[in-house]
Amino acid sequence: MAGTADTIIIVAAIVALVWGLIQFYVISSIPLKSNGDSATTSLTGASKGDTSERLIEIYTAIYTGADSFLKAEYTICSYFVIVFAAIVFVSVSAGTDWDYTRGGYTATAFVLGAITSMVSGYLGMKVAVYSNVRTTISAQKAGWTSCFNTAFRAGAVMGFALCGLGMIVLYATLMIFKGTYNSDWATLTDCITGYGLGGSCIAMFGRVGGGIYTKAADVGADLVGKVVHGIPEDDPRNPATIADNVGDNVGDVAGMGSDLFGSFAEATCAALVIGASSLNETNFDLLSLDEDPWSALLFPVAVSAVGVFVCLLCSFIATDILPVKKESDVENALKTQLISTTLVMLPAVYVLATALLPDKVSFVKVVEGTFDLTPVKAFVCVGAGVTGGLIIGLITEYYTSHSYTPVREVADSCKTGAATNMIYGIALGYKSAVIPVLILSGVVYLSFALCDLYGVALAAIGMLSNLATGLSIDVYGPVCDNAGGIAEMAELDPSVREKTDALDAAGNTTAAIGKGFAIGSAALVSLALFGAFVTRIKTLSADSSDPFFIHGVNMLEPLTFAFLIIGGMIPFWFAALTMKSVGLAAMEMVYEVERQFKEKPQLLDENATERPDYDACIQISTKASLREMVAPGAMVMFTPLLTGTFFGVNAVCGLLVGSLVASVQLAISMSNSGGAWDNAKKYIEKASPESDLQGKGSDVHKAAVVGDTVGDPFKDTSGPALNIVMKLMAVLSLVFADYFYAINDGGGVFNTA
């Protein structure tokens, strides 16, 4: 058993990186040369045969905008990382009797996690922008296989590269730290939690900043372009259209990549911390293990490693075994990826559990007592997470795809105006949270009953085990969306836009499924991190006269209960800040677009030859997002830090539980409402003018556009960022646990213990 996990992890990380590179090479072999002429004269006055030049011009503009925004955002994040790393170093050192080695290692892990998250986001943006225009070119070819495969492979580059990079950096950090803490794995894993904190902090700024950028441009472009002036989406006459397409890359790709990297890092850290409390070299004799238990400790990381191989094998189903040949195949191909990876993961995890875990080992429970961990129990916990994630994804699809009744009901409600559309969409979001929450509750109960909070951590790992496929599908959507925008701006044949719209419609649904996975896994990760926090405080207070949490967290303690209510308020405060930020930035965008139309009315001519000032709109989105992302991020990070400092660990427990419970419900409902509004609009656009829905340009369509506009920040800013809220608060509390307990033995400055 010794060394088995190490080999699996290293090989999987290398394979993931190499496979991502191969997919990138395949995409790069597509030349930037249009396969057809444009439908009309271009904005720059070029002839019909100059579509290749226009494609390159548009691609360059999108790339430049995305690159400049991420560089500006990551510059700000770099300053934050330096300052916060110093805070981590001082606080952790102070909380451990000025153990500077431990403080330094935790701060180093924090920096590594932050850098890995930024690299993941930047890499995703580069690949997405590189692939967007090539998907447009592929869509000019006959058939569906080429354009689908191009977009899907673009997602695969991001998915596999991120998984490989995340695993190799985490494993290397563990091995370096092991050189110092070879006989103290509990301290080793406590230090490694900084890795998850760094990833989550950058994910917060990436999701919020990118989400504000993309939705400010999207909402502004829609309100003035489609609603007021009736010009098509992504029409080159709209000054905000380049900013809108830039936003898809910095928000839906870079932000989402950082988010899911954070989930992987935090879930792994939670499982390692809880596992190390029992699998520790200092009690080898008590464990009665014949071999080095290092491989058993690394079992959660090995699950993610096996997931890479499973996702790689199943990817051939979409690109080679059952390629997309017609429009109806697109959504089935993406859904098949999720189902196939889930089914193959189950036997793979069973084999892995029997290979790495001892027949039976006694684990210490978070509250009191012990439980026996067996390979079968570990398999059931991971399997519950894998299947639970798939069920949540399919339920999300039911509520957000226009193939099913709920979205079609929303579309029908548009016949009577935007108000009824709003009512139906919000109601759909609330209703869509019911079954996923019940599924999550079942997964938590089963995994907790079998393996305490270590089981919950394993369930979270299981839900993220097919992360490479989930990321591939998530990135696929924005790539297709951008491909359609490029086709519209380059004024290609309408059939190209119709094809990319069909690809994008499936991408919207699968993106909603991906958000369901992300929210579900975030809930499990947060609960596991909360358990690790309780475990840490319990260990720190074990020698005191009145130790904490010997009989569990008492939610009926006055302070704990009070902060439970406050914690439940945090997600709503966060959502309010981010929604208002999008609104403010969108207003600036609307004013700018309307100003250009008033000053240059010729922009609205059918065959306009003058180019709008795209750069002005890009600057508005950039400045607004960088300005507005600070307050929500600071609120989430400093709330648990200040609570633990002044009110102590009981208050932190209430805060974490309250935010977890409220965030799950709100995140699911907001994300699904937004997805339903978006696809209801697309369903109406597919309708003929003679039908009840009247099709594009009708009053019914305008009502749907209003719903889609409101839903944009729901599904792409506030909703998906809420899963970072619960994860970030939990992992931050875990990293600062020693510091919290050092202040009046966990009572805080006000000594409330």
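All values reported here derive from a predicted model rather than from experimental measurement.

## Regarding empty space enclosed by the protein
Inference 1: Going through the model one piece at a time under the given rule, you end up with eight cavities of 30 Å³ or more.
Inference 2: Size it by volume and the largest cavity reaches roughly 450 Å³.
Inference 3: Surrounding the largest cavity, 36 residues form its lining, Asp252, Asn508, Lys515, Lys715 and Asp716 being those nearest its centre.
Inference 4: For the lining of the largest cavity, the secondary structure elements donating two or more residues are α5 (185–228), α6 (241–276), α15 (467–489), α16 (494–540), α20 (649–686) and α21 (699–735).
Inference 5: At nine residues, α16 tops the list of elements feeding residues into the lining of the largest cavity.
Inference 6: Of the residues belonging to the lining of the largest cavity, the class tally is eight nonpolar, nine polar and 19 charged.

## Focus: a nonpolar patch on the surface
Inference 1: A grouping of Phe638, Leu642, Phe646, Val749 and Phe750 is seen on the molecular surface, where their side chains present a nonpolar patch of about 440 Å² in accessible area.
Inference 2: Relative to the helices and strands, Phe638 resides in helix α19 (residues 630–647).
Inference 3: With a relative accessible area of 33%, Phe638 lands in the partly exposed category.

## Details of the layout of surface pockets
Inference 1: Considering only enclosed or pocket space, the second largest pocket measures out at about 490 Å³ in volume.
Inference 2: Along its surface, the second largest pocket is lined by 21 residues, and Val444, Leu527, Phe530, Val657 and Leu660 are the ones closest to its centre.
Inference 3: Breaking the lining of the second largest pocket down by element, the ones donating at least two residues are α14 (434–463), α16 and α20.
Inference 4: For the lining of the second largest pocket, a count of residues per class yields 17 nonpolar, four polar and no charged.

## Things to note about the packing of aromatic side chains
Inference 1: Summed over all chains, the structure comprises 28 aromatic pairs.
Inference 2: Their ring planes at 85° and their centres at 5.9 Å tell us that Tyr105 and Tyr181 sit as a pair that is edge-to-face. With Tyr105 in helix α3 (residues 100–139) and Tyr181 in the loop between α4 (145–178) and α5, the pair connects residues that are 76 residues apart, well separated along the chain.
Inference 3: For the pair Phe363 and Phe371, a centre-to-centre distance of 5.5 Å together with 45° between the ring planes defines the contact as tilted.
Inference 4: Take Phe363: its relative accessible area is 1%, and that puts it in the buried class.
Inference 5: On the accessibility criterion, Phe371 (8% relative accessible area) is buried.
Inference 6: Through successive ring pairs, a cluster of aromatic residues spans Phe80, Phe84, Phe110, Phe205, Phe736, Tyr739 and Phe740.
Inference 7: We note Arg134 situated over the ring of Tyr130; from NZ or CZ to the ring centre the distance is 3.8 Å.
Inference 8: When the ring centre of Trp144 is taken as origin, the NZ or CZ atom of Lys499, which lies over that ring, is 5.8 Å away.

## Comments concerning the pattern of salt bridges
Inference 1: Here the structure, examined in full by the defined rule, presents 32 salt bridges.
Inference 2: Across the salt bridge formed by Lys326 and Asp329, the nearest N and O atoms sit 3.2 Å from each other.
Inference 3: Residue classification places Lys326 among the partly exposed positions, given a relative accessible area of 46%.
Inference 4: The salt bridge partner of Lys415 is Asp692, with a shortest N-O separation of 3.9 Å. Residue Lys415 is found in the loop between α12 (405–413) and α13 (418–432), and its partner Asp692 is found in the loop between α20 and α21; the two are separated by 277 residues along the sequence.

Analysis parameters
One numbering rule holds for all chains: residues counted from 1, following each sequence as written. For a predicted model such as this one, the threshold for reporting local features is a pLDDT of at least 70, and the threshold for listing and counting side-chain atom pairs is 80 or more; totals across whole chains, interfaces and linings nevertheless cover every residue. Values reported for side chains reflect all heavy atoms of the structure, with hydrogen atoms and water molecules removed beforehand. Cavity: a set of points on a 1 Å grid over the protein atoms alone where a 1.4 Å probe fits but cannot get out. Pocket: an open set with protein on both sides within 12 Å along at least five of seven lines, its lining residues, like those of a cavity, having an atom within 4 Å of a point. Grid points are joined across faces, edges and corners, and a volume is the space filled by probe spheres set on the points. A run of H or I in DSSP counts as a helix once it spans at least four residues, and a run of E counts as a strand once it spans at least two, with each numbered from the N terminus. Any residue outside Ala, Val, Leu, Ile, Met, Phe, Trp, Tyr, Cys, Pro, Asp, Glu, Lys and Arg is labelled polar, Gly included; the first ten of those are nonpolar and the last four are charged. In this analysis, a patch consists of residues with relative accessible area above 30% that form no salt bridge, clustered at 9 Å for like charges and at 5 Å for the nonpolar side chains Val, Leu, Ile, Met, Phe, Trp and Tyr. To be clear on the numbers: accessible area is Shrake-Rupley with a 1.4 Å probe, and residue cover counts the displayed protein chains and nothing else. One side-chain nitrogen of Lys or Arg within 4 Å of one carboxyl oxygen of Asp or Glu is enough to make a salt bridge. Residue burial is assigned from relative accessible area. The probe radius is 1.4 Å, only protein chains are included, and a residue is buried under 20% of its type maximum, exposed over 50%, and partly exposed in between. Classification of ring pairs rests on two measures: the distance between centres of Phe, Tyr or Trp rings, Trp counted by its six-membered ring, which must be within 6.5 Å, and the angle between planes, read as stacked under 30 degrees, edge-to-face over 60 and tilted in between. The rule for a charge over a ring is simple: NZ of Lys or CZ of Arg within 6 Å of the ring centre, and within 35 degrees of the ring normal.

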